Amino acid sequence: MSLSIGIVGLPNVGKSTLFNALTRAGALAANYPFATIEPNVGVVGVPDPRLSALAGLYNSARIVPASVRFTDIAGLVQGASQGQGLGNQFLGHIRETDAICQVVRVFADPDVTRVEGSADPEGDIATVVTELILADLQTLEKALPRLVKETKFSKDPERLEVAAAAGAAVGVLDSGTTLYAGAAAAGISLPALRELHLLTAKPFLYVFNMDVGELSDEGLRKQLTSLVAPAEAIFLDAKTEADLTELPEEEAAELLAEAGMGEPGLSQLASAGFRALGLQTFLTAGPKETRAWEIPIGATAPEAAGVIHTDFQRGFIKAEIVSFGDLMAAGSLAAARAVGKVRVEGKDYVMQDGDVVEFRFNV
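Residues numbered from 1 in each chain as written. Predicted model: local features only at pLDDT ≥ 70, side-chain atom pairs only at ≥ 80, totals over all residues. Heavy atoms only, no water.

Undergrad: What's the story with a negative patch on the surface in this structure? I'm lost.
TA: Taken together, the side chains of Glu249, Glu250, Glu251, Glu254 and Glu258 make up a negatively charged region of the molecular surface. The topology assignment puts Glu250 in helix α9 (residues 249–259). With relative accessibility at 65%, the residue Glu250 sits in the exposed group. (Patch = residues over 30% accessible without salt bridge, like charges linked within 9 Å, V, L, I, M, F, W, Y side chains within 5 Å. Areas by Shrake-Rupley, 256 points an atom, 1.4 Å probe, with all protein chains shown as cover. Salt bridge = Lys/Arg side-chain N within 4 Å of Asp/Glu carboxyl O. Lys, Arg positive; Asp, Glu negative; His and termini not counted. Charge placed at Lys NZ, Arg CZ, Asp CG, Glu CD. Helix = DSSP H or I, 4+ residues; strand = E, 2+ residues; numbered from the N terminus. Buried < 20%, exposed > 50% of the residue type's maximum accessible area, 1.4 Å probe, protein only.)

Undergrad: Teacher, can you tell me more about the pattern of salt bridges here?
TA: A pair can form between side chains of opposite charge whenever their charged atoms are brought close. Enumeration according to the criterion identifies 13 salt bridges in this entry. The shortest N-O distance in the salt bridge between Glu232 and Arg275 comes to 2.4 Å. One end of the pair, Glu232, is in strand β8 (residues 232–236); the other, Arg275, is in helix α10 (residues 265–276), and 43 residues separate them in sequence. The class of Arg275 is partly exposed, set by a relative accessible area of 48%.

Undergrad: Explain the packing of aromatic side chains here, please?
TA: Two numbers describe a pair of aromatic rings. These are the distance of the centres and the angle of the planes. Summed over all chains, the structure comprises seven aromatic pairs. Judged by centre distance (6.3 Å) and plane angle (15°), the rings of Phe282 and Trp293 are stacked. Taken together, the residues Phe282 in strand β9 (residues 279–285) and Trp293 in strand β10 (residues 289–296) connect sequence positions 11 residues apart. According to the relative accessible area criterion, Trp293 is buried, its value standing at 12%. Three or more aromatic residues joined by ring pairs make a cluster, and in this case those are Phe282, Trp293, Phe316 and Phe359. (Phe/Tyr/Trp six-rings, centres within 6.5 Å; stacked < 30°, edge-to-face > 60°.)

Undergrad: Can you walk me through helix α4 (residues 121–153) in this structure?
TA: Three- or four-residue spacings in an α-helix give side chains the same orientation, since the helix completes a turn every 3.6 residues. Given a rise of 1.5 Å per residue, 33 residues ought to cover 48 Å, and the 48 Å separating the end C-alpha atoms of α4 matches this to within 8%. The distance from a side-chain oxygen at the start of α4 to the backbone nitrogen of Glu122 is 3.3 Å, and the residue carrying that oxygen is Asp120. (Expected span 1.5 Å × (residues − 1). Polar contact = N/O pair within 3.5 Å; in protein donor to acceptor, adjacent residues only side chain to side chain.)

Undergrad: Honestly, the packing of α4 against helix α5 (residues 157–174) in this entry has me stumped. Any pointers?
TA: When two helices pack together, their arrangement is captured by the angle between the axes and the distance separating the axes. As a packed pair, α4 and α5 sit with axes 9 Å apart at the nearest point and diverge in direction by 150°. Compared by their axis directions, α4 and α5 come out roughly antiparallel. Where α4 crosses over α5, the handedness of that crossing is left-handed. In contact with Ile133, Asp136, Leu137, Leu140, Leu144, Arg146, Leu147, Glu150 and Thr151 of α4, α5 contributes Arg159, Leu160, Val162, Ala163, Ala166, Gly167, Ala169, Val170, Leu173 and Asp174. Within the contact of α4 with α5, the residues separate by chemical class into 12 nonpolar, two polar and five charged. (Axes fitted to C-alpha atoms, helices over the stretch in contact; angles between N-to-C directions. Parallel < 35°, antiparallel > 145°, perpendicular 65-115°, else oblique. Left-handed = near helix turned anticlockwise from the far one by under 90°. Contact = heavy atoms within 4.5 Å. Nonpolar A, V, L, I, M, F, W, Y, C, P; charged D, E, K, R; others polar.)

Dropping the structure here:
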């Protein structure tokens, strides 16, 4: 899938350091490979311990994880919505992504100067959010007259919903709230606004770039988490993450343990990005490979088959499915069949995360 997350932030917050760490993330664990598509785009594997267990069961030659695509976007400055800095270019690049990841500076390094207007995490978040809100208000200001005119001459329920959602969106944005955070409370259907490509309607997540010693400060983490709720917060030290990607796996694990960091922040970011995009995985396994395939939550069995190959969806007959947990508990597919844990599902089946699948189809 080509879903992508744009990495944004003010200058000098560690955004480039984080992206460089992401683009070298394949050095940390061979099970989660990285591929560079363009100079400013990186694809990072989503850590999934189920894959290695499944590969062991099937004696697979290789493992292919699901992936998240990150795009490094030029730094934003105050006034971007009015053309300051890269202005429209910056906002245009965000428009092309499916979710937004803001890197926020928490670390205190006197050798890395803050840009004008930057003082603390809360203020930096507000600067970026304000520019995105102003850009969306400009979009709505242009679109609303057209939508109002449409609804005068058409009673199409879909167009009426779009016009109503756009009008309500202005009220949310005027209050200083992003549509991602405020749409539900305002009764706004975000899918109704999709044609307008509004920036703040995209899913948000936040990376707080901290000094390594601050990562264990639960009080600080709680305070920062509350700043961005309901968006997800990830805490990491971008410098340390970049160092980890240069080390062999065992040495990286030792450094993590010494720093009390547990799971690498890049792994947490990949997983959080996957969730922000509304994705889940189904699994396939065999001697050649064990693989996680990303699909939208709510996808049907034929739609999942189409992710592997469009012919699979067109010729879909049925899917033989067993949950990962049931398969591992049984010890083999044959044993899972023997205890009635393998199901045959048809075209209406809604896929569940962790389904292990074999599709049947006509060529």
